[in-house]
Amino acid sequence: MTMLDIERLRGDFPVLDQVKVNGRDLVYLDNAASSQMPRQVIDRIARYQSLEHANIHRGVHHLSDAATTAYESARSSVRRFINAAEDREVIFTSGTTDAINLVAHGWGRACVGEGDEIILSEVEHHANIVPWQMLCEEKGARIRVIPVDDRGELDLVAYASLFNERTRLVGIAHVSNALGTVNPVREMIATAHAHGVPVLVDGAQAVAHEVVDVQALDCDFYAFSGHKLYGPTGIGILYGRAALLERMRPFKGGGDMILSVSFEKTTYNIIPHKFEAGTPPIMPAVGLGAAVEYLSGLGLAKVAAWEQSLLAYGTERLSAIQGVRIIGTARHKAAVISFNIADVHPHDVGSLLNDEGIAVRTGHHCAQPVMKRYGVPATVRASFAFYNTRAEVDTLAGAVDKIRRLFE
Ligand code: PLP
């Protein structure tokens, strides 16, 4: 496998060399929150918006046709990217949160009843906790939690013991945004299926960093966001198995999701349109299509290999600094390093790093239960993309060491 030419690829991202922070080169290590868009995506969006834009599906004129083609070809690009069997299994949403809410309402409200149980893990993002909690409150159901160990790995024995005849769904993150752990979702899905239970995978932190094949995973639902995938905000995907989507109720009602409407009765459109009420985010969808084509062109295996080398190097550099505690040391991790420096407040670390031009995220990362598990209110999180370099890791390690000495 040839390596990626990182220096050349960095040239695709205007922000990386045009933005200076406090007079320094930007070191962008907040990719788990939102990654940057390459010129190819920005140009595609500009071309769509300049020359191809109109409302989709219902028009008979040239531009409506062009916009529909752009939107539907973005769906096909996403289908190929995650290896879904059919385009109609790919639903455009506004993001991961929206996708999970769609399942909680469209599937959960029909299939979860009083006394039923939903299994989630302790490392979930709030987006994969709160919608289920709201559903459980409404239905009188309850959440069972897969515990995580000190390294950040899920306890699979405990997981297997949580199933019973009341289990209705498993919801698990493919990759933990707070710890970086890559959960063994394929194995966990097989366990759930052995009990006849469907699985929703929150893939927000996975799709940009490793090959995701929804058929090989055999998952029932897979959710992710465009803005963590080198695409724009306002767009995301819910992949769903066709048979499940067909049985599911729509979540939002309105135009485009119907076949016929009368005051007596409405019949719904076929999937995926049944779940895309109203004018969708056409331009962001086109941008997402361009983003997955861009990433596929690089090759996810090469992206993963480079990011893994950055993770190994970053872990080595940071753990060598006195007082640094890395939270999340699972054997299989994505390129996310959550850490604290002795007793220094993570927000102070974040703003001191910003002084050096380094962008990281600090806080609870919308994963308060996992913060509680490790007894910390917050962490500093450096999250890497394929456009990051070893020199940027050195800059981060140098700045962390400087901060550590300031507070000695
Ligand atoms: N799930 C995980 C694991 C995440 O990391 C995030 C975002 O940080 C989300 C869900 C929510 O994504 P969005 O805000 O794009 O809906």
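Residues numbered from 1 in each chain as written. Predicted model: local features only at pLDDT ≥ 70, side-chain atom pairs only at ≥ 80, totals over all residues. Heavy atoms only, no water.

1. Some remarks on the site of the ligand
If you check the shell around the ligand, you find Thr96, Thr97, His125, Ala127, Asn177, Asp202, Ala204, Gln205, Ser225, His227 and Lys228 and nothing else. Separating an oxygen atom of the ligand from a side-chain N or O atom of serine 225 is a distance of 2.6 Å. Between histidine 227 and the ligand, the recorded distance is 2.7 Å, taken from a side-chain N or O atom to an oxygen atom. Taken together, the residues of the shell around the ligand sort by class into 2 nonpolar, 7 polar and 2 charged. (Near = heavy atom within 4 Å. Polar contact = N/O pair within 3.5 Å; in protein donor to acceptor, adjacent residues only side chain to side chain. Nonpolar A, V, L, I, M, F, W, Y, C, P; charged D, E, K, R; others polar.)

2. With respect to the nonpolar core
Grouped together as the largest cluster of nonpolar side chains are 105 residues, with contacts concentrated most on Tyr222, Leu295, Leu353 and Phe386. Here this core gets 8 residues from one element, more than from any other, and that element is helix α11 (residues 282-298). Counting only domains with at least three residues in this core, you end up with domain 1 (6-30 + 299-406) and domain 2 (43-297). Excluding its chain neighbours within four sequence positions, the residues that come into contact with tyrosine 222 are His174, Val201, Gly203, Ala206, Val207, Val212, Val214, Leu217, Ile237, Leu238 and Tyr239. Ile118, Ala141, Ala223 and Leu238 belong to the second largest nonpolar core, which has 26 residues in total. (Core = buried A, V, L, I, M, F, W, Y, C linked by side-chain atoms within 4.5 Å. Buried < 20%, exposed > 50% of the residue type's maximum accessible area, 1.4 Å probe, protein only. Helix = DSSP H or I, 4+ residues; strand = E, 2+ residues; numbered from the N terminus. Domains from an automatic or database assignment. Contact = heavy atoms within 4.5 Å.)

3. Examining the domain arrangement of the chain
The accessible area lost on association of the parts is a frequent measure of interface size. We note that the domain assignment places domain 1 (6-30 + 299-406) and domain 2 (43-297) within the chain. Between domain 1 and domain 2, the C-alpha centre-to-centre distance is 28 Å. Every contact between the two is made by 34 residues of domain 1 and, on the other side, 30 residues of domain 2. Carbon and sulfur atoms make up 55% of the surface buried where domain 1 meets domain 2, a total of about 2,600 Å² over both sides. The tally of links from domain 1 across to domain 2 stands at 2 salt bridges. Put simply, aspartate 150 and arginine 373 hold a salt bridge, and the shortest N to O gap is 2.8 Å. Counting across the domain 1 and domain 2 interface gives 19 residue pairs in polar contact (both at pLDDT 80 or more). Elements with a contribution of two residues or more to the side of domain 1 that touches domain 2: α12 (300-319), β14 (336-341) and α14 (368-373). Across the side of domain 1 that touches domain 2, the residue classes break down as 20 nonpolar, 8 polar and 6 charged. (Buried area = accessible area lost by both parts, 1.4 Å probe. Salt bridge = Lys/Arg side-chain N within 4 Å of Asp/Glu carboxyl O.)

4. Examining the sheet that holds strand β13 (residues 324-327)
Here 4 strands make up an open sheet; going across it, the order is β13-β14-β17-β16 and the pairing antiparallel. Each edge of the open sheet carries a strand with a single partner, namely β13 and β16 (361-363). Across this sheet, the average inter-strand angle for adjacent strands is 30°, counted without regard to direction. When β13 meets β14, the two strands line up antiparallel, connected through 4 bridges. Within the sheet, the bridge partner assigned to valine 324 lies in β14 and is isoleucine 341. (Pairing = 2+ DSSP bridges. Axes fitted to C-alpha atoms, helices over the stretch in contact; angles between N-to-C directions.)

5. Considerations on the sheet that holds strand β8 (residues 199-202)
Read from one edge of the open sheet, 7 strands run β4-β10-β9-β8-β7-β5-β6, paired in mixed fashion. Strand pairing shows two members of the sheet lacking a second neighbour, β4 (90-93) and β6 (142-146), which therefore form its edges. Sheet twist, expressed as the average angle between the axes of neighbouring strands with direction ignored, equals 20°. Relative to strand β10 (residues 236-240), β4 runs antiparallel, the two being bridged by 4 bridges. When the sheet's bridge partners are listed, threonine 93 is paired in β10 with glycine 236. This element, helix α4 (residues 62-82), spans β4, β9 (221-225) and β10 of the sheet and lies at about 120° to β4.

6. Comments concerning the packing of helix α3 (residues 39-52) against α4
The contact between α3 and α4 brings their axes to 10 Å, and the two run at 160°. Of the possible angle classes, the one that applies to α3 and α4 is roughly antiparallel. Remark: the crossing between α3 and α4 carries left-handed chirality. Contacts from Arg44, Tyr48, Leu51 and Glu52 of α3 reach α4 at Leu63, Ala66, Ala67 and Ala70. (Parallel < 35°, antiparallel > 145°, perpendicular 65-115°, else oblique. Left-handed = near helix turned anticlockwise from the far one by under 90°.)

7. Some points on the packing of aromatic side chains
We describe a pair of aromatic rings using the distance from one ring centre to the other and the angle between the two ring planes. In this structure the tally under the stated criterion is 11 aromatic pairs. Residues phenylalanine 13 and tyrosine 230 carry aromatic rings whose centres are separated by 6.2 Å and whose planes lie at 65° to one another, so their mutual orientation is edge-to-face. Linking phenylalanine 13 in the loop between α1 (6-10) and α2 (14-18) with tyrosine 230 in the loop between β9 and β10, this pair joins segments that are 217 residues apart in sequence. Classification of tyrosine 230 as buried rests on a relative accessible area of 0%. What makes phenylalanine 13 buried here is its relative accessible area of 0%. Taken together, Phe13, Tyr230, Tyr294, Phe386 and Tyr387 form an aromatic cluster joined through their ring pairs. Over the ring of tyrosine 313 we find arginine 390; its NZ or CZ atom is 3.8 Å from the centre of that ring. (Phe/Tyr/Trp six-rings, centres within 6.5 Å; stacked < 30°, edge-to-face > 60°. Lys NZ or Arg CZ within 6 Å of the ring centre and 35° of its normal.)

8. Focus: unusual backbone geometry
Note the cis peptide between isoleucine 271 and proline 272, where omega equals 5°. Relative to the helices and strands, proline 272 is located in the loop between β12 (266-268) and α11. The phi dihedral of asparagine 22 is positive, around 50°, even though this residue is not glycine. Mapped onto the fold, asparagine 22 is located in the loop between β1 (20-21) and β2 (24-25). In this structure, asparagine 83 takes a positive phi of about 55° despite not being glycine. Structurally, asparagine 83 is set in the loop between α4 and β4. Take asparagine 83: its relative accessible area is 33%, and that puts it in the partly exposed class.

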